[in-house]
Amino acid sequence: MMNKNNPSDYIFEQGPMGAIGEYASLLFRVNRNCPWNRCLFCPVYKNEKFSNRSVEELKHDIDAIRRTHDLIMNVAVRCGLTSELLYEIIGRKPQVYGSIDNQPLHEQQMARSCLSRTANWIFHGARRVFLQDADALAMKASDLVETLDYLKSSFPTIDTITCYARSKSCARRSVEELTALKNAGLSWCFIGVESGSDAVLDYMKKGVTQKVHIEAGNKLGLAGIDVAAFVMPGLAGCKQLPAKAHIADTVFVLNEMRPQEIRVRSLTVLQQAPLYQRWKSGEFIAPTEDSLVEEMRDLLEGIKVKCTIETLQMTNPVISLQGPIGVKRKSALKQLDAYRALTPNQRARFSLQHYCEGEYVRYVEECGYLNEGLERLIDEAYAGIEADAPDAPDLVEKALFALKSTCIP
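Note that the structure is a prediction, hence the values are computed from the model and not measured.

(A) Looking closely at the layout of surface pockets. Size it by volume and the largest pocket reaches roughly 1200 Å³. In this structure, the largest pocket is lined by 45 residues; those nearest its centre are Met17, Cys42, Pro43, Val44 and Tyr164. Of all the secondary-structure elements, those providing two or more residues to the lining of the largest pocket are helix H6 (167–171) and strand S6 (186–194). No other element matches the 4 residues that S6 contributes to the lining of the largest pocket. Split by residue class, the lining of the largest pocket holds 28 nonpolar, 10 polar and 7 charged. Of the volumes computed, that of the second largest pocket is approximately 280 Å³. In terms of lining residues, the second largest pocket is bounded by 16 residues, among which Ala286, Pro287, Thr288, Glu397 and Phe401 are the most central. Elements supplying a minimum of two residues to the lining of the second largest pocket: helix H12 (289–302) and helix H17 (392–404).

Take a look at the structure:
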C-alpha cells in the first residue's frame, strides 16, 4: 500500500548516463548496464552485470514518477513553476525528502534526485523520455510495448521517446515488432555505429558487422523509427589500422542506413577504457588532431544521404555544428581546409587553444582530474608554441592526449 510519507513511493531508478541533447528528457531506466559490454573504447558499465527490469518494476517506477509529477503540479498551482518550488515541496514533505536544514537520509536523498529530475522534465513540457541504459531493445519487445503503453497512458503529454540500441538488437527484431514499438511511442533509436569497417569493428570488439549495421537501419526505417547514428573518427587509430578504409566503409554504411541524424564523436582513449592499456603498450597508436581533421573531412564529403549532422561533443577537432548536412557541409569543409592550410605550429596552436581555452579544461577541473602532471604538460605545450619550437606539435599532441584521456565533457 502506498504511504504518502514514504520516500520509496517517490523514487524511480536512474541509470548512469543519457544522451547528449536529452537535457529536456525524463531518464527512465528499462534495463541495467550493457548486454555486450566488451567494446575496447568504452569505459561505461565495465564489471557491471546486465539485467532487464520486469514490467512490474517499470510500472512501479512510472507510478512513482506520476506521484512526484502530481505533487509538483499541485504545489505549482499555488506558487508557480519557480526556482523556489523544490524548496517549498521539501519543506512540506520532510518525511519524504528530509529537512532542508539537515542532511537527508539515503532514501530521502534519492527521492530529492527524482524530484529534481521530474521538475526539470515538467519545466521542459514533460514531452520527451529517454530510455536507459545502453540497449533498450535488448528487452523483450512485447514487454517494452506494454511498458511504453503504460507510460504514455500515465503521461499523455509525451510525444517523443528515444533510446540507445545496439545494431544487433535492432536487426534481430522483426519489422512487425519494431512497428509495434513505434506505435507504442518509440520515436528514435540512437545507434553506436562507430565504424563501417569490419576490420575495425572486430579489433574494437564491437560485436557487430557492417552488414548488421545496414540491416538494423533498414528495419528501423521500414518501421518508421528515426535513427541517430553515432560515428567515431579516429577509431582505426594511426598507421596500424586502415584509417582511410574506416571512413570509406563508415560512409558506405551511413548512406545505406539512411539515418535521420549523424552524430560525430571523435575517438578519445579514456584511461578507464580497455583500449588505454593497448595504447600504453604501443599496440594501438592513437589518432592525431591532424588525422582526425582528415577523417572528418572525408566523412563530410562522403555522406550523400539527407540528414542532420551534429558534431557538438568537445572531443571533435575544429568544427562544432548542428543542422542539415546540405546546409552545413560547405562552411564546415571550409573551416577544415583553413586548418589544413596552416603550418604545423599554427595548427598546434589552434588545437591547444581549441581545447584548453574553452570548456574542456574547466570541465576536467570540476571533475577533479586536473592534476599537476596534466597542468605541466599543458604549460610545456604553451611554452613550445610561444617559442615556435620545432617540437611544439609533439608537445601539444602529448598534452591534448593526456587532457582528453581523463574524461569526455
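Here the narrative resumes, following the displayed structure.
(B) Geometry of a negative patch on the surface. A cluster of like negative charges, contributed by Glu365, Glu366, Glu372, Glu375, Asp379 and Glu380, occupies part of the molecular surface. Of all the elements in the fold, those that place two or more residues in the negative patch are helix H15 (359–366) and helix H16 (372–386). Per-element tally for the negative patch: the top contributor is H16, with 4 residues. The topology assignment puts Glu365 in helix H15.

(C) Here's a closer look at unusual backbone geometry. The amide bond that connects Gln132 to the next residue, Asp133, takes the cis arrangement and shows omega of 5°. Tracing the sequence through the fold places Asp133 in the loop between strand S4 (128–132) and helix H5 (141–154). The backbone phi angle of Asn37 is positive, close to 60°, even though this residue is not glycine. With respect to the helices, strands and loops of the structure, Asn37 is situated in the loop between strand S2 (31–32) and strand S3 (51–52). One non-glycine residue with positive phi stands out, namely Asp388, at about 55°. Within the fold, Asp388 resides in the loop between H16 and H17. For Asp388, a relative accessible area of 54% gives the class exposed.

(D) Structural view of the sheet that holds S4. Read from one edge to the other, the open sheet built from 8 strands follows the order S1-S4-S5-S6-S7-S8-S9-S10, with strand pairing classed as mixed. Here the strands that pair on one side only, and so sit at the sheet edges, are strand S1 (25–29) and strand S10 (322–324). Averaged over all neighbouring strand pairs, the angle between strand axes comes to 20°, with direction disregarded. Looking at chain direction, S1 and S4 are connected through 5 bridges and run parallel. Counted as the bridge partner of Arg29 is Gln132 from S4. Against the sheet, helix H13 (residues 325–340) contacts strand S9 (308–310) and S10, and its axis sits at roughly 120° relative to S10.

(E) Focus on a nonpolar patch on the surface. On the surface, Met73, Leu81 and Phe123 cluster together into a nonpolar patch covering about 260 Å² of accessible area. Positionally, Leu81 belongs in the loop between helix H1 (55–79) and helix H2 (85–92). For Leu81, a relative accessible area of 45% corresponds to the partly exposed category.

(F) Representation of H1. Over its 25 residues, H1 runs 36 Å from end to end, which matches the ideal 36 Å to within 8%, given 1.5 Å per residue. For H1, the complete set of buried residues consists of Val55, Leu58, Asp61, Ile62, Ala64, Ile65, Thr68, His69, Leu71, Ile72, Val75 and Ala76. Residues of H1 that are buried make contact with S1, H2, helix H3 (94–97), helix H4 (106–123) and H5. Phi turns positive one or two residues past the end of H1, at Gly80, with a value near 80°.

(G) Structural view of the nonpolar core. In terms of nonpolar packing, the biggest core is built from 83 residues, with Tyr97, Val129, Leu131, Leu137, Leu186, Cys189 and Ile303 touching the most fellow members. Top contributing element to this core by residue count: H1, with 8 residues. If near-sequence neighbours (up to four positions away) are discounted, Leu131 is found in contact with Phe28, Val30, Ala136, Leu144, Leu148, Ile161, Thr162, Cys163, Tyr164 and Leu186.

(H) Spatial organisation of the pairing of S6. Of all 9 residues that make up S6, 9 are buried, and the element is covered over most of its length. As paired elements, strand S5 (residues 160–164) and S6 share 4 bridges and run parallel to each other. Counted as the bridge partner of Ile161 is Leu186 from S6. Here 6 bridges tie S6 to strand S7 (residues 226–231), and the two strands are oriented parallel to one another. Across the sheet, residue Glu194 finds its bridge partner in S7, namely Val231.

(I) View of the environment of Leu374. The topology assignment puts Leu374 in helix H16. Residue class for Leu374 comes out buried when judged on its relative accessible area of 5%. Along the chain, Leu374 and Leu254 lie 120 residues apart, while their C-alpha atoms are 37 Å from each other.

(J) Focus on the packing of H2 against H4. Viewed as axis vectors pointing N to C, H2 and H4 meet at an angle of 140°, and their least axial separation amounts to 11 Å. In terms of their interaxial angle, H2 and H4 are classed as oblique. Pair H2 / H4 crosses with right-handed handedness. Of H4, the residues touching H2 (which contributes Leu85, Leu86, Ile89 and Ile90) are Arg112, Leu115, Ser116, Ala119 and Phe123. Looking at the contact of H2 with H4, its residues break down into 7 nonpolar, 1 polar and 1 charged.

The rules behind these values
- Residues numbered from 1 in each chain as written.
- Predicted model: local features only at pLDDT ≥ 70, side-chain atom pairs only at ≥ 80, totals over all residues.
- Heavy atoms only, no water.
- 1 Å grid on protein atoms, 1.4 Å probe; cavity = no way out; pocket = protein on both sides within 12 Å on 5 of 7 lines; lining within 4 Å.
- Points joined across faces, edges and corners; volume = space filled by probe spheres on them.
- Helix = DSSP H or I, 4+ residues; strand = E, 2+ residues; numbered from the N terminus.
- Nonpolar A, V, L, I, M, F, W, Y, C, P; charged D, E, K, R; others polar.
- Patch = residues over 30% accessible without salt bridge, like charges linked within 9 Å, V, L, I, M, F, W, Y side chains within 5 Å.
- Areas by Shrake-Rupley, 256 points an atom, 1.4 Å probe, with all protein chains shown as cover.
- Salt bridge = Lys/Arg side-chain N within 4 Å of Asp/Glu carboxyl O.
- Lys, Arg positive; Asp, Glu negative; His and termini not counted.
- Charge placed at Lys NZ, Arg CZ, Asp CG, Glu CD.
- Buried < 20%, exposed > 50% of the residue type's maximum accessible area, 1.4 Å probe, protein only.
- Pairing = 2+ DSSP bridges.
- Axes fitted to C-alpha atoms, helices over the stretch in contact; angles between N-to-C directions.
- Contact = heavy atoms within 4.5 Å.
- Expected span 1.5 Å × (residues − 1).
- Core = buried A, V, L, I, M, F, W, Y, C linked by side-chain atoms within 4.5 Å.
- Parallel < 35°, antiparallel > 145°, perpendicular 65-115°, else oblique.
- Left-handed = near helix turned anticlockwise from the far one by under 90°.

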